[in-house]
Structures are given as structure tokens and as C-alpha cells.
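# Working through the structure, step by step
Chain residues, written in single-letter form:
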Amino acid sequence: MSLVDDLHAAGLTGRGGAAFSTGVKVDAAHDHGAHLVVNACDGEIGAAKDAFVVEHHLEELLRGAHLVAPGRRRTIRFAAHRGSRTAALLTAAGLDVLDVPGRYVSSEESALVSAAQGGLARPMTKRRPFVTGGRDADGRRVPPTVVLNAETVWRVAQVAEHGPTWFRSFGTEAEPGPRLVTLTGAVSWPGVLETQAGTPLAELLAAAEPARGAEHVVVGGLGGALVPLHRLRALRWSSDDLARVGASLGPGILDLLDPQRCPVRTVAGYLRYAAGETAGQCGPCMFGVPALAGAWDRLLADPGPAATHEVRRHAGLLPDRGACRFPDGVSRFAASALQVLGPHLDAHAVGTCPTEGSLARAHHA
């Protein structure tokens, strides 16, 4: 069997968040002689998996990269945020490092393709997958280029070495294989764990030891969802289970919110960060995300039905309109936070924060 056959048999999907078939992408890369960009940016809030792979599994990562882009005519570049430890490790290993700004949208797939061709690290509109080649918005030719997350490329090497049967001995039928998860935030033992789909989330959370009083978890970063901790503990680490709470495996991040800080205020910080990360090239990103962040700030300052409706309205305007999926993810995150924090917001409306006490004291703090 060929590598592509093995990848299809293994059921390997991308570990960066989209969960697209790796076999399909590698098959297209081989057919079109595509160059490879290994995305090691850890672009999502709280992400650390790419750094873990580069630091602890670099040899296997290189092996996987050469399997995806074999031969001297295909370039292999490793994208990392400028000035990061990951970029330094890759440079020290003598690899071709694609330095990109430490911005959220800079690690988006088409943004990395643009940067690899000497353009700005901003998302490009895709008329067809760039693995087949194409042109950018200015009409310049873009050679066939495939972008794969660092963990995905490492898993390609594992499938090639150990075979599809070994790979499928981990995980579930629908989501096979070992996978990494980052546990961060209000935990005693933050870090990256090797796990698999189907693992009880209670076990993963216990390994990190959540802070006493922790109530909320951001699953999947800005493109994910806010979920009550008690609901997560009853689920498995799988898309089917997480769908019950509006979440998915995504990029594999569990970020526990500080139980000493008002979660409405914490979400405001997330959304303000999102508002500042615009690529500056389409309306939903330039205006829609900042408008949503502003609406949430007004909700924080003056909670009530009118402010809630405004947040819901702005969130509903974002999906399926941007050059990339960044506004869609922010919309999903804000909508989940609005739903989960409903009782908290009701308390705010009568002048009390369940976390910080009276709102007057909370604002003073």
C-alpha cells in the first residue's frame, strides 16, 4: 500500500482544528507536486501542541514532512511566530523557517501560503484549494502549496512507521489515532498531554488539577465554545460528546477560567483581543468583530435584555461572510458565552457579581 492508502485506512485527520482528511490533502499534494508549509505557530489562544512536537518529536516531524513533500523540487518550510521559542528551535536545527507575525490570523492556512510566496501573512480568498495552485487577489501566481499542522505531520510519520492498524488501536472508530491536548489556565499542572478520542474528560481534567472553584472552560480557543466545567466532566473527549455542549475537538485546547475573576469580564478580554487581531481586509473582520466586542463591553457595563439582544445580533451577522473563518469562530464563541453565562448576567442586572461581589466593588477592583 502507498502512503496515501495508509493514511486513508488510518483515518488520520488534521489536528489543527479543521479535522479534514489528511489522506485527501497528501494525495492532492503528491498529484500536483505541492510545496509544504508545516504550521507550527500555535496560533490559537492557549495552544502549545506545536511547540511540544517541535521540542520533543522533531526527528519524526522531519520524516513526516519529507513523506508529504518528497524530492528536491519541493520545498519544505516550517512556519512559526517570529521571536518564539519554536522558531528558535527550528532555526537551530538548520531548517527553513517561515517567520510570521505573532498575530492570530497570521497562522491561518491561506495566510501562511501568502507569506510563503513573499506576501503578507493575511488570509486570501480561496477560489479552489491552494494545493492545486492558483492566484492571489492581485493575480500573482501561487504555486501548489499544502499546509499541514505540526502534529498532523508527526502523525503521518507514525502511520508510515507503524501502520494503519496500530493507529486505529487508539481513539474511536469515528476519530481514530492518538492526539495531543493542551490543558491551560486555572490548573495546577498546565501542559500538553498525549491522549485519544473517547477518553473521559474527567480523567483529562483531573490530570491537570483544576483550581478550586473553577466553573467554566473554553474548549478550542476563540473558535470554540465556553462550557460549564461540571458538564464537561460528564463527557468524553470526542466530537459527538462535545457537540452536546456546542463544542468540538478543534485544535485540542482546554482553558479553565480563573475562578477568582468574573467570567463576563474574562470573555470581554477574549473578544477585545479578537477585535485587535483583524486582518484588515474584509468587513466582518474589520468592523464586525470589533462591533461584537463593543457590544459585549456594553453588556458588561449595563446588563439587561437590550444589551443581550445587541450581542446576539452582532454575533449573528458574522458567519459565512469573511475571507477566512475567523469571524465565524468568534461569533460561535460569543454566542456560547452568552448562553452559558445567562444566570451570571442576570445577577449582574440586579447589581451583584457571583464571583466578585457587588458590581461597585468589582469595578473598583
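Along each chain, the written sequence defines residue order, and numbers are assigned to residues from 1. Per-residue local features of the predicted model are confined to residues with pLDDT of at least 70, and side-chain atom pairs are confined, for both listing and counting, to 80 or more; whole-chain, interface and lining totals are unaffected and use all residues. Calculated side-chain values reflect all of the structure's heavy atoms, with hydrogen atoms and water omitted.

### Considering the overall build of the protein
Working definition: helices are DSSP H or I runs of at least four residues, strands are E runs of at least two. Numbering for both runs from the N terminus. A count of helices and strands for the protein gives 17 helices and 13 strands. Principal axes of the C-alpha set define a box for the protein whose edges measure 65 × 45 × 35 Å. At a minimum sequence separation of 6, the contacts of the protein that also span at least 24 residues come to 61%. Under the convention used here, a 1.4 Å probe and the Shrake-Rupley method define accessible areas, while residue burial counts only the protein chains that appear. About 16,000 Å² of surface is accessible on the protein, with carbon and sulfur atoms providing 52% of the total. For the purpose of charge, His is not counted, nor are the chain termini; Lys and Arg are scored as positive and Asp and Glu as negative. Think of each charge as sitting on NZ of Lys, CZ of Arg, CG of Asp or CD of Glu. Looking at the protein, you have 36 positive and 36 negative side-chain charges, and the mean spots of the two groups are 5 Å apart. Residue contacts are counted whenever heavy atoms from the two residues lie within 4.5 Å of one another.

### Here we look at the sheet that holds strand 6 (residues 145-149)
A pair of strands counts as paired when DSSP detects no fewer than two bridges linking them. Spatial ordering of the open sheet is given by 3-2-1-6, a layout of 4 strands whose pairing is parallel. Of all strands in the sheet, those bounded by a partner on one side alone are strand 3 (97-100) and strand 6. Averaged over all pairs of adjacent strands, the angle between strand axes in this sheet comes to 25°, irrespective of strand direction. Where strand 1 (residues 35-39) lies against strand 2 (residues 76-81), 4 bridges are found, and the strand directions are parallel. From the neighbouring strand, leucine 36 faces strand 2, where its bridge partner is isoleucine 76. Axis lines are fitted through C-alpha atoms, for helices just across the contact stretch, and the angle between N-to-C directions can take any value from 0 to 180 degrees.

### Things to note about the environment of histidine 230
Topologically, histidine 230 is positioned in helix 10 (residues 229-232). A sequence separation of 14 residues divides histidine 230 from histidine 216, and the C-alpha atoms of the two residues are 8.3 Å apart.

### Some thoughts on the packing of aromatic side chains
A pair of Phe, Tyr and Trp rings is counted when the ring centres sit within 6.5 Å of each other, with Trp represented by its six-membered ring. The angle between the planes then sorts it: under 30 degrees is stacked, over 60 is edge-to-face, the rest tilted. Applying the stated criterion to the full structure yields 5 aromatic pairs. Judged by centre distance (6.4 Å) and plane angle (80°), the ring pair of tyrosine 104 and tyrosine 273 falls under edge-to-face. Here tyrosine 273 lies in helix 12 (residues 263-276) and tyrosine 104 lies in the loop between strand 3 and helix 6 (109-116), a separation of 169 residues in the sequence. Any residue under 20% of the maximum accessible area for its type is buried, any over 50% is exposed, and the rest in between are partly exposed; the area is computed with a 1.4 Å probe on protein chains only. Taking relative accessible area as the criterion, tyrosine 273 reaches 33% and is therefore assigned partly exposed.

### Some thoughts on the pattern of salt bridges
Pairing is possible between side chains of opposite charge, provided their charged atoms come close. What makes a salt bridge here is a side-chain nitrogen of Lys or Arg within 4 Å of a carboxyl oxygen of Asp or Glu, nothing more. The tally for this structure, following the rule as stated, stands at 16 salt bridges. Notably, a salt bridge pairs glutamate 151 with arginine 155, separated by 3.0 Å at the nearest N-O pair. Taken together, the residues span about one helical turn, with glutamate 151 and arginine 155 both in helix 7 (residues 150-162) at a distance of 4 residues. Each of Arg15, Lys49, Glu151, Arg155 and Glu194 takes part in one network of salt bridges that share partners.

### Section: the pairing of strand 2
Counting buried residues along strand 2, 5 of its 6 residues qualify, which places the element largely inside the surrounding structure. Here strand 2 runs beside strand 3; their pairing, made up of 4 bridges, is parallel. Bridge pairing in strand 3 links phenylalanine 78 to valine 97. In terms of handedness, the path from strand 2 via helix 5 (residues 85-92) over to strand 3 forms a crossover that is right-handed. Crossovers are marked right-handed if the path from the first strand over the helix to the second runs clockwise, as seen with the strands pointing away from the viewer.

### Some details on the confidence of the model for the protein
Overall, the prediction assigns the protein a mean pLDDT of 91, with 97% of residues at 70 or greater. What pLDDT expresses is the predictor's confidence in each residue, scored from 0 to 100. Within the protein, helix 17 (residues 359-364) has the poorest average pLDDT of any element, 45, and helix 7 the best, 98. Throughout residues 360-365 the model reports pLDDT below 50, and contacts reaching past four residues in sequence, or to other chains, amount to 4 contacts.

### Observations concerning the sheet that holds strand 11 (residues 253-256)
Across the sheet, 5 strands lie side by side as 8-7-11-9-10; this open sheet has mixed pairing. Taken across any chain shown, the strands that pair with only one partner, and hence form the sheet edges, are strand 8 (191-196) and strand 10 (225-228). Adjacent strand axes in the sheet meet at a mean angle of 30°, parallel and antiparallel pairs treated alike. Seen against the sheet, helix 15 (residues 326-340) touches strand 9 (216-219) and strand 10 and runs at an angle of roughly 25° to strand 10.

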